[in-house]
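Analysis of the macromolecular model
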Amino acid sequence: MKKTNRNSSSKTNSFDGEQYLYLTTRGRSSGLPREIEIWFTHRDGRFYLIAEYPTSHWLQNLRAHPEAQVRLAGKEFSTRARILSPETDAELHRIIANLSRGKYGWGEGTIVELTRTEN
């Protein structure tokens, strides 16, 4: 019998083994779509990204316009971003950093939570 990670759900199986997702933000100045390939973790139906630098363009774009598109494992969907606070979201911040360290060997920086807004 396959064990299920308590930090995942049956809906995450299609994302198991995926290394990258494609995030499309709206440029904070231009308003034009900007796509990047980025590492991610997935927990409880949400996606988490980590910006190594607070000046990362994609992070600044999400701060200005939190709506974004995600392309992953042959699926596309809309999301809304929320930047986690290391202080007020301390436990979740620690969990996501640890998940990222386990998957990629790295988990430092600004953590962004993406919640699907459509299926």
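Residues numbered from 1 in each chain as written. Predicted model: local features only at pLDDT ≥ 70, side-chain atom pairs only at ≥ 80, totals over all residues. Heavy atoms only, no water.

Section: the sheet that holds strand β4 (residues 46-51)
An order of β2-β1-β5-β6-β7-β4-β3 is seen for the seven strands of this open sheet, with the pairing classed as antiparallel. The open sheet has two edge strands with one neighbour each: β2 (33-39) and β3 (41-43). Each strand of the sheet is rotated relative to its neighbour by a mean of 35 degrees, with strand direction disregarded. The sheet contact formed by strand β1 (residues 20-26) and β2 spans seven bridges and is antiparallel. Looking across to β2, one finds that Leu23 is bridged to Ile36. Sitting on the sheet, helix α2 (residues 90-104) touches β1, β2, β3, β4, β6 (75-83) and β7 (110-116), and the angle it makes with β3 is about 130 degrees. (Pairing = 2+ DSSP bridges. Helix = DSSP H or I, 4+ residues; strand = E, 2+ residues; numbered from the N terminus. Axes fitted to C-alpha atoms, helices over the stretch in contact; angles between N-to-C directions. Contact = heavy atoms within 4.5 Å.)

Details of unusual backbone geometry
Generally, phi is negative for residues other than glycine and the peptide bonds are trans, each holding for most cases. For Asp44, which is not glycine, the phi dihedral falls at a positive 50 degrees. Here Asp44 lies in the loop between β3 and β4. Taking relative accessible area as the criterion, Asp44 reaches 44% and is therefore assigned partly exposed. A positive phi angle, close to 50 degrees, is found at Ala73, a residue other than glycine. Relative to the assigned elements, Ala73 resides in the loop between β5 (67-72) and β6. (Buried < 20%, exposed > 50% of the residue type's maximum accessible area, 1.4 Å probe, protein only.)

Focus: the nonpolar core
Core analysis: the largest hydrophobic core is formed by 19 residues, its most contacted members being Leu21, Leu23, Phe47, Leu49, Trp58 and Leu114. Those elements that provide at least two residues to this core are β1, β4, α1 (57-64), β5, β6 and β7. Counting residues in each nonpolar core, the second largest holds eight residues, with Tyr48, Leu84, Ile95 and Ile111 among its members. (Core = buried A, V, L, I, M, F, W, Y, C linked by side-chain atoms within 4.5 Å.)

Observations regarding α2
The periodicity of an α-helix, 3.6 residues per turn, causes residues three or four places apart in sequence to face the same way. With 15 residues, α2 should reach 21 Å at 1.5 Å per residue; the first-to-last C-alpha distance of 21 Å fits that figure. For α2, every residue scored as buried is listed here: Leu92, His93, Ile95, Ile96, Ala97, Ser100 and Tyr104. The elements touched by buried residues of α2 are β1, β2, β3, β4, β6 and β7. Positive backbone phi, approximately 80 degrees, marks Gly105, located one or two places after α2. (Expected span 1.5 Å × (residues − 1).)

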